[in-house]
Amino acid sequence: MPDAITEATPPGQQSFASVVKLALCNGLGISAAVISVTASALVAGHVGWTGAMATVPYGLQFLALLLATYPSARLMSRHGRKPVFLAAATCGMIGGLLGYFAVLRSDPILLCLAHLALGVMLANANFYRFAALEVARPERSASAMSLVVFGGTFAAIIGPVLSRQAIFSADLFASAYLSILALGAVTFCLLVSTRLPVFARAPAGFGRRELAELLRQPRILIGAGFAAIGYGAMNLLMIASSLTMEQLGCLYEDISVAIQWHVLAMFLPSLVMGRIIAQVGAFSVALAGGVILLATSAIAFLNPMSVSVLQVCLITLGLGWNMTYVGGSYLVAKSVAPGHSLPAQAVNDLAIGVFAMIGAFLPGVIVTRYGWAGANLLVIAALLPVVLMAALHKLRAPQPAPQGVKD
C-alpha cells in the first residue's frame, strides 16, 4: 500500500516470505477458532450452561472481536502492525490457559473470560490479509491476500485433530484449550521473525467525517456488506449445524469431521481465488459468493432434517463464504484512496465483527425455537437485499472500478 513501508522494505523473496508467514499465522489463528467453535457450546454444557446459554461464551468471543477491531486499527496506525499482532497472540495464549482452568474447575465465568481473550486475538488475525497487501508487490496483491486466507486450509487439518484428540491432557476439552495456548505461542514466534509494515506517514484520520465519506461509497458498502453478512451467515449456520447434528444423534467425532470438511471448503478455494479476482473482478466474485450462500440456505431450508444434505450444505457454505470474504475485502481495500486504507479496513472488519457476533449469539436461540430451517430462513432474509443491491449496482454502473479493480 502506498501509505506504508515495511521493515527494510523487503523485495522479492523476502516479501513472499512475509506473506507465507502471515498465511501460516492466519492458519494457526483459524485453527484456534475451529477448536473454539467445535468445543465451546459443548464445554458450556459441560460446565452447566445449556440451551440458549450454550452459545454465550462463543458469542462473547465475537463481542470481544468486535470491540477490539477499531482500537487495534488505531494502535496499528500509531505503532505499526507487529507490536499489536504480538500483543494479540499473547491474548490467545492467555485465552487458552483460562479455558483449560475453566474445564478443570467447571467454571463458566472463566470460560467466558477465555473466549473474550480469544476474541481479541482473532480480531487482529483478521488484519493479516490486509498486512499482506502492504508487503506484496502491487501486481500480486490479490494473490497475496488469497494466499493468507488460504492459510486457513491448515486449520481444516490441525483444528479438528486438536479438538478431538486428547493430546495435551487426559481430558479432551482441557486438551483442546491447551492446544489453543500452543497455537498462540507458535503464532507469536512466527510474527517475531516476520517483516511487517511501518507507516511512513500518518494514515488518514479516523474521525466521523472520514468514516462518513467511506460509507457514502457504494462499492465499499457492498464489499463490506458481502464480507460481513457472509461471515455472519457462515457463523450462524456452522454453529447451528453442530447443534442440529447433535439433536439428530450424531457423535462429537462425526460433527468434528463435518466441520473439518466445511473449513476445507472455506479456505481451499483461496489457492485460486486471487487469479479469479484478477480475471473477473472482486465485485463479481463477491456477488457470485452471495448467490451461492442464498442457494445453500434455500436447499437447507427445504431439507431441514437430512444429515447428508446438511453436510453438503456445509461445504457449499464454506465456498460461498470464501468468495464473499475474499472478494468483499479486496473490493473494500482497492476502492479507497491512498492513505485511507486503515479506516477502510476498520469499517470492513467492524461490520464483519457485528455480524459474526450476531451469528455466534443466535444459534442456540434460533435452533431451540425454530430449528435448522429457521436458521437458514434468517440467512436468506439477511443476504437477499445485499445480493439485489449488488446486482442493480453492477447493471447500472458497469464502468471500470477505481484503482484498477475489475467489475
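Below, the structure is looked at part by part.

Basis of the calculations
Residues numbered from 1 in each chain as written. Predicted model: local features only at pLDDT ≥ 70, side-chain atom pairs only at ≥ 80, totals over all residues. Heavy atoms only, no water. Helix = DSSP H or I, 4+ residues; strand = E, 2+ residues; numbered from the N terminus. Buried < 20%, exposed > 50% of the residue type's maximum accessible area, 1.4 Å probe, protein only. Contact = heavy atoms within 4.5 Å. Areas by Shrake-Rupley, 256 points an atom, 1.4 Å probe, with all protein chains shown as cover. Phe/Tyr/Trp six-rings, centres within 6.5 Å; stacked < 30°, edge-to-face > 60°. Salt bridge = Lys/Arg side-chain N within 4 Å of Asp/Glu carboxyl O. Patch = residues over 30% accessible without salt bridge, like charges linked within 9 Å, V, L, I, M, F, W, Y side chains within 5 Å. 1 Å grid on protein atoms, 1.4 Å probe; cavity = no way out; pocket = protein on both sides within 12 Å on 5 of 7 lines; lining within 4 Å. Points joined across faces, edges and corners; volume = space filled by probe spheres on them. Nonpolar A, V, L, I, M, F, W, Y, C, P; charged D, E, K, R; others polar. Domains from an automatic or database assignment. Axes fitted to C-alpha atoms, helices over the stretch in contact; angles between N-to-C directions. Parallel < 35°, antiparallel > 145°, perpendicular 65-115°, else oblique. Left-handed = near helix turned anticlockwise from the far one by under 90°.

Assigned secondary structure in the protein chain consists of 15 helices and two strands. Sorting the 407 residues of the protein chain into buried and exposed places 59% on the buried side. Pairs at least 24 apart in sequence give 87% of the contacts found in the protein chain among residues at least 6 apart. Here the protein chain has roughly 15300 Å² of accessible surface; of this, 69% comes from carbon and sulfur atoms.

A word on unusual backbone geometry. Although it is not a glycine, S106 adopts a positive phi angle of roughly 50 degrees. Its location among the elements puts S106 in the loop between α3 (81-105) and α4 (108-125). The class of S106 is partly exposed, set by a relative accessible area of 37%.

Under the counting rule described, the total for this entry stands at six aromatic pairs. Consider the rings of Y231 and Y325, whose centres lie 5.8 Å apart with planes at 65 degrees: the pair is edge-to-face. Placement of Y231 in helix α10 (residues 218-247) and of Y325 in helix α14 (residues 307-333) is noted, with a sequence separation of 94 residues between them. For Y231, a relative accessible area of 13% gives the class buried. With a centroid separation of 5.3 Å and an interplanar angle of 75 degrees, the aromatic rings of F267 and W321 are classed as edge-to-face. Taken together, the residues F267 in helix α11 (residues 252-267) and W321 in helix α14 connect sequence positions 54 residues apart. For the pair formed by F267 and W321, the shared burial category is buried. Grouping aromatic residues by their ring pairs yields a cluster made of Y231, F267, W321 and Y325.

Time to look at the pattern of salt bridges. Scanning all chains against the criterion turns up two salt bridges. Of the charged contacts in the structure, one is a salt bridge between E134 and R81, with a shortest N-O distance of 2.6 Å. Pair noted here: E134 is in helix α5 (residues 128-135) and R81 is in helix α3, with a separation of 53 residues, a long-range link. Among the residues examined, E134 registers a relative accessible area of 7% and is labelled buried.

Together, L24, F154, I157, I158, V161, I167 and F168 make up a nonpolar patch on the protein surface, roughly 570 Å² of accessible area in all. Take I157: it is sitting in helix α7 (residues 153-164). Overall, the relative accessible area of 49% leaves I157 in the partly exposed class.

Estimated volume of the largest pocket: approximately 390 Å³. Lining the largest pocket are 16 residues, with F16, R140, S143, A144 and L147 positioned closest to its centre. Listing elements by their share of the lining of the largest pocket, those giving two or more residues are α1 (12-46), α6 (141-150) and α12 (270-280). Per element, the largest residue contribution to the lining of the largest pocket is five residues, and it comes from α6. Each residue belonging to the lining of the largest pocket can be placed in one class, and the counts come to seven nonpolar, six polar and three charged. A domain-level breakdown of the lining of the largest pocket finds at least three residues from each of domain 1 (13-198) and domain 2 (208-395).

Let us now look at the side chain of S270. Note on placement: S270 falls in helix α12. Once residues lying within four places of it in the same chain are set aside, the contact partners of S270 are S146, V149, F150, N322 and V326.

So, on to empty space enclosed by the protein. A full pass over the atoms with the stated rule returns four cavities of 30 Å³ or more. Its volume calculated, the largest cavity comes out at about 320 Å³. What lines the largest cavity is a set of 25 residues, and nearest its centre among them are I30, A33, N126, Y231 and F267. For the lining of the largest cavity, the element with the most residues is α1, which contributes six residues. Here the residues of the lining of the largest cavity are counted per class, giving 20 nonpolar, four polar and one charged. Summarising the domain contributions, the lining of the largest cavity has at least three residues from each of domain 1 (13-198) and domain 2 (208-395). As a volume, the second largest cavity reaches approximately 90 Å³. Class assignment for the residues of the lining of the second largest cavity results in six nonpolar, two polar and one charged. Mapped onto the domain boundaries, the lining of the second largest cavity takes at least three residues apiece from domain 1 (13-198) and domain 2 (208-395).

As a further point, take the packing of α14 against helix α15 (residues 341-396). Following both chains from N to C, one finds α14 and α15 inclined at 160 degrees, their axes separated by 11 Å at the closest point. By the angle class used here, α14 and α15 are roughly antiparallel. You can see that α14 and α15 cross each other, and the crossing is right-handed. In this structure, α14 contributes L310, Y325, S329 and V332 to the contact, and α15 contributes A344, N348, I352 and W372. Its residues placed into classes, the contact of α14 with α15 shows six nonpolar, two polar and no charged.

When two helices pack together, their arrangement is given by the angle between the helix axes and the distance between those axes. Following both chains from N to C, one finds α5 and α6 inclined at 145 degrees, their axes separated by 8 Å at the closest point. Note that α5 runs across α6; the crossing there is right-handed. Within the contact between the two elements, α5 uses Y128, R129, F130, A132 and L133 and α6 uses S141, A144, M145, V148 and V149. For the contact of α5 with α6, a count of residues per class yields eight nonpolar, one polar and one charged.

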